[in-house]
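Here is how the chains run, residue by residue.
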Amino acid sequence: MVQRVAVVGAGAGGLASVKCCLDEGLEPTCFESSEDIGGVWRYTDSTDSRRITVYRSVITNTSKEMSCFSDFPFPEDFPNYLPHSLVLEYLRMYARHFDLLQHIRFQTTVVSVRKCPDFSTSGQWEVVTESRGVRESHVFDAVMVCTGHYQEPYLPLASFPGIESRFKGQYLHSWEYRDVQAFRGKRVLVLGIGNTGGDLSVELSRVAAKVFLSTRSHTWVVSRVSDHGFPLDMVSTTRFNSLLDWLLPSALTRRIKFRKFNSWFNHTNYGLASSKSSKFKLIVNEELPFCLLSGTVVLKPNVKEFTESSAVFEDGTTEGNIDVVLFATGYNFSFPFLEESVGGSIHDNRSLYNCIFPPQLEQPTLAIIGLIQLTGSIMVGSEMQARWVTGVFAGWNKLPPPSRMMAEVLKRKPAVKRNPSERENLKMSFISYVDKIAACAGVRPSVLRLLLTDPKLGLAIFFGPCSPYQYRLEGRGSWSGARAAILTQWQRALRPLRTRMLLGDSSSSSWGWSWMCLLALPAALTAAWLCSKHPQPGWSP
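Cut-off values and rules
- Counting from 1, residues in each chain are numbered in the order their sequence is written.
- Residue-level local features of this predicted model are given only where pLDDT is at least 70; pairs of side-chain atoms are given and counted only at 80 or more, and the full residue set underlies all totals for whole chains, interfaces and linings.
- Only hydrogens and water are removed before side-chain values are computed, so all heavy atoms of the structure are retained for them.
- Every helix listed is a DSSP run of H or I at least four residues long, and every strand listed is a run of E at least two residues long, numbered separately from the N terminus.
- The size measure is the radius of gyration over C-alpha atoms, and the globule rule it meets is 2.2 Å times the number of residues to the 0.38 power.
- Relative accessibility decides the category of a residue: with a 1.4 Å probe and only protein chains considered, values under 20% of the type maximum give buried, values over 50% give exposed, and everything between is partly exposed.
- In what follows, residue pairs with any heavy atoms lying within 4.5 Å of each other are defined as contacts.
- For the accessible areas, the method is Shrake-Rupley and the probe is 1.4 Å, while residue cover comes only from the protein chains on display.
- Strands qualify as paired when DSSP identifies two bridges or more between them.
- Source of the domain bounds: an automatic or database domain assignment.
- Throughout, buried area stands for the accessible area (probe radius 1.4 Å) lost by two parts on being put together, summed over both.
- Each salt bridge in this description consists of a side-chain nitrogen of Lys or Arg and a carboxyl oxygen of Asp or Glu lying within 4 Å of one another.
- Angular values range over 0 to 180 degrees, each being the angle between N-to-C directions of two axes fitted as lines to C-alpha atoms, with helices fitted over their stretch in contact.
- Comment on the angle field: the value is read as roughly parallel under 35 degrees, roughly antiparallel over 145, roughly perpendicular from 65 to 115, and oblique elsewhere.
- Rotating anticlockwise by less than a right angle from the far helix to the near helix defines a left-handed crossing, while the corresponding clockwise rotation defines a right-handed one.
- Each residue gets one label: Ala, Val, Leu, Ile, Met, Phe, Trp, Tyr, Cys and Pro are nonpolar, Asp, Glu, Lys and Arg are charged, and the others, such as Gly, are polar.
- Remark: nonpolar core denotes a set of buried residues (Ala, Val, Leu, Ile, Met, Phe, Trp, Tyr, Cys) joined through side-chain atoms within 4.5 Å.
- Only residues whose relative accessible area exceeds 30% and that take part in no salt bridge are eligible for patches, with like-charged residues grouped when within 9 Å of each other and nonpolar side chains (Val, Leu, Ile, Met, Phe, Trp, Tyr) grouped when within 5 Å.
- Residue-level confidence of the predictor, termed pLDDT, takes values from 0 up to 100.
- When the centres of two rings from Phe, Tyr and Trp lie within 6.5 Å, Trp using its six-membered ring, the rings pair. Their planes under 30 degrees apart give stacked, over 60 give edge-to-face, and anything left gives tilted.
- Residues adjacent in sequence count toward polar contacts only when both atoms are side-chain atoms; beyond that, a polar contact is any pair of N or O atoms within 3.5 Å, and within protein one must be able to donate a hydrogen and the other to accept it.

Looking at the overall build of the protein
Along the protein, the regular secondary structure elements total 19 helices and 20 strands. At 24 Å, the protein has a C-alpha radius of gyration in line with the 24 Å of a compact globule built from 541 residues. Across its three principal directions, the C-alpha atoms of the protein cover 65 × 65 × 45 Å. Taking all 541 residues of the protein together, 53% fall into the buried category. Once local pairs closer than 6 in sequence are excluded, the contacts in the protein between residues at least 24 apart make up 69%. When the accessible surface of the protein is summed, it comes to about 24,200 Å², and 53% of that surface belongs to carbon and sulfur atoms.

Examining the sheet that holds strand 7 (residues 142-145)
What the five strands build is an open sheet, ordered 3-2-1-7-20; its pairing is parallel. For this open sheet the edge positions go to strand 3 (104-105) and strand 20 (366-368), each flanked by a neighbour on one side alone.

Describing the domain arrangement of the protein
Domain boundaries assigned for the protein yield domain 1 (4-151 + 333-428) and domain 2 (154-329). A C-alpha centroid distance of 29 Å is found between domain 1 and domain 2. If you look at the interface, domain 1 gives 26 residues, while domain 2 gives 22 residues. Per-residue buried area on domain 1 facing domain 2 is highest for Tyr55, Asn61 and Tyr81; these three make up 30% of the total on that side.

Some points on the pattern of salt bridges
All told, the structure shown has 25 salt bridges when counted by the stated rule. Here aspartate 179 ties to arginine 56 by a salt bridge, and the two come within 3.0 Å at their closest N and O atoms. Within this pair, whereas aspartate 179 is found in the loop between strand 9 (170-173) and strand 10 (187-191), its partner arginine 56 is found in the loop between strand 2 (27-31) and helix 2 (64-67), the two being separated by 123 residues in sequence. As a salt-bridge pair, glutamate 287 and arginine 206 come within 2.6 Å of each other at their nearest N and O atoms.

Describing the packing of helix 11 (residues 378-394) against helix 14 (residues 430-441)
Between helix 11 and helix 14, whose axes approach to 9 Å, the crossing angle comes to 15 degrees. Comparing their axes, helix 14 and helix 11 come out roughly parallel. With respect to the hand of their crossing, helix 11 and helix 14 are arranged in left-handed fashion. Facing helix 11, whose interface residues are Val380, Gly381, Met384, Gln385 and Trp388, helix 14 presents Phe430, Tyr433, Val434, Ile437, Ala438, Cys440 and Ala441. Tallied by class, residues from the contact of helix 11 with helix 14 come to 10 nonpolar, two polar and no charged.

Observations regarding unusual backbone geometry
We note that asparagine 321 has phi near 55 degrees; this positive angle belongs to a residue other than glycine. With respect to the secondary-structure elements, asparagine 321 resides in the loop between strand 17 (318-319) and strand 18 (324-327). For cysteine 355, which is not glycine, the phi dihedral falls at a positive 65 degrees. Structurally, the position occupied by cysteine 355 is in the loop between helix 10 (340-343) and strand 20. Overall, the relative accessible area of 1% leaves cysteine 355 in the buried class.

Things to note about the nonpolar core
Among soluble globular proteins, nonpolar side chains are generally buried collectively. In this structure, Met144, Phe357 and Phe393 are the most contacted members of the largest nonpolar core, which totals 104 residues. Looking at this core element by element, the count peaks at eight residues for helix 11. Each of domain 1 (4-151 + 333-428) and domain 2 (154-329) gives at least three residues to this core. Those residues in contact with phenylalanine 357 that sit more than four places away from it in its chain are Leu352, Pro364, Leu366, Ala367, Trp388, Val389, Val392, Phe393 and Leu399. Membership of the second largest hydrophobic core comes to 22 residues, among which are Phe31, Leu338, Ile346 and Leu361.

Topic: a nonpolar patch on the surface
Residues Phe240, Leu244, Trp246 and Leu247 make up a contiguous nonpolar surface patch of about 340 Å² in total accessible area. If you trace the backbone, tryptophan 246 turns up in helix 7 (residues 239-247). Classification of tryptophan 246 by relative accessible area gives partly exposed; the value is 34%.

Notes on the confidence of the model for the protein
On average, residues of the protein score 92 in pLDDT, and 91% of them are at 70 or above. Across residues 507-512 the pLDDT falls below 50, and counting only partners more than four positions away or on other chains, this stretch makes zero contacts in the model.

As for the sheet that holds strand 16 (residues 311-313)
Remark on secondary structure: sheet strands pair via backbone hydrogen bonds, oriented parallel or antiparallel. A sheet is described by the order of its strands in space; here three strands give the open sequence 15-16-17, paired in antiparallel fashion. Only two strands of the sheet have a single partner each, and these edge strands are strand 15 (303-306) and strand 17. As paired elements, strand 15 and strand 16 share three bridges and run antiparallel to each other. Within the sheet, the bridge partner assigned to glutamate 305 lies in strand 16 and is valine 312.

A few points about the packing of aromatic side chains
Two descriptors summarise a pair of aromatic rings, namely the distance from one centre to the other and the angle between the planes of the rings. Summed over the entire model, instances satisfying the criterion amount to 32 aromatic pairs. Their ring planes at 85 degrees and their centres at 5.6 Å tell us that tyrosine 150 and tyrosine 331 sit as a pair that is edge-to-face. With tyrosine 150 in the loop between strand 7 and strand 8 (152-153) and tyrosine 331 in strand 19 (residues 331-332), the pair connects residues that are 181 residues apart, well separated along the chain. With relative accessibility at 43%, the residue tyrosine 150 sits in the partly exposed group.

Quick look at the side chain of threonine 60
Relative to the helices and strands, threonine 60 is located in the loop between strand 2 and helix 2. A polar contact of 3.1 Å, which involves the side chain of threonine 60, links it to the backbone oxygen of threonine 62. Sequence-distant contacts of threonine 60, that is, excluding residues within four places in its chain, are made with Trp41, Tyr81, Leu82, Val87 and Arg224.

Let's talk about the packing of helix 1 (residues 12-23) against helix 3 (residues 84-97)
The geometry of helix 1 relative to helix 3 is characterised by a closest axis approach of 11 Å and an angle of 15 degrees between their N-to-C directions. Put simply, helix 1 runs roughly parallel to helix 3. As for the relative orientation of helix 1 and helix 3, their crossing is left-handed in sense. On helix 3, the residues that touch Ala12, Leu15, Ala16 and Lys19 of helix 1 are Leu91, Tyr94 and Ala95. Within the contact of helix 1 with helix 3, the residues separate by chemical class into six nonpolar, no polar and one charged.

Considerations on helix 5 (residues 195-204)
With eight of 10 residues buried, helix 5 lies mostly within the body of the structure. If you check which residues of helix 5 are buried, you get Gly197, Gly198, Asp199, Leu200, Ser201, Val202, Glu203 and Leu204.

Structure, rendered in structure tokens:
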């Protein structure tokens, strides 16, 4: 029987894991190699320790209502999109509120995690740690690895001939970037157009002589600010939209999305994306289109090679006098402390059952938390993983036999290890994945039942944001404040904007929402009934 659990890492996933262990009556011990909690959200100016952190100016891509832990909302006066300092403050509040710090051993590195000799019957692990030069061995009944996937900078120098042998300028990975001061007046080439590449290109354009942004992918750019000024994810991440995606042909849904993206600006005119491309990525950036329009950022294709001071691109063009090349090429992950028979088999999350459990283990006492890429908040997904995993450890939730788990993994397992840019294409639907894990944990909300018994709440869940509070309405770990949190989430989104009240301002918007919900109830009931007959991922009748 599982009682003592080792948690590796005290970032957001590690804190959620410790809290979930306590909820299930388990005894967690969290090992954190640094001196404080927060993981990547604990910003530091120094790069000496090689600890991965966010850059100074980072702002979250997901809003506070869609990113919080499911029973602990962000303070209502926090802005909807948060700088790293407020995310860290929130994590500190969470740790204090649930008294988590006493279970964390700081400045303690996990050196190895290996099966005990009797693992096939006991499921126990030998965990060796090191603190201030002293090694210590422990035996735990289970292990939760919460180190995430931002671990090792991915620097694909071999893909850019001449960068090491001929180029005389400076090159560095984005993990070394902190602010713009070192780039003032320089000609900078940014490689990679993910969220980081877009953010850094915009920021550098304010001080650099010129910024070139090189990409090989089709990329659609969206704004965090959506219809009527509300956060994008609160408007778009809904069960209603998820249902439409399931009902409509994929070609039609793609066409609708592309048309929506192009309603802001024509991506083909900017060289970013074509509606004819089947492979594409989505980034969040309000300022990049204006930087391209004003010429402070120039979009370029993939680099063919480097000379002493120039970059030659695949379309035959050349940009000279390049001072700095900034690789925004993502990160690799690894688990060097896991024994090779376990860690060596994890190529990406598709190597794991439900992206969590190594399927080949005789006993399901090792879980990988947070090795996911979602269309929504990873923090929410990690918490849901931790709730399910601790339920498995405590004996409330059951896993299929290893043979069945292995068969399911083999259906989707990649033949080769993918680099970070390829893993971008493995992003999963936020609602589909979190609903799937919630169903395993017995906490997925029943929309049809709520529409019949509590229409106001049911309609808010169906048409409104799929916020984390939905997963605290029922089942183990239910929270008495979940219903109120759902029904007041729009007010909390508006609260930090109410710093100047205008004459004639009223609550007419909530009155209109109530009428819309009333009129939509028959349609919602019909949709819920149809889905109860033909269930689909991301929908719970």
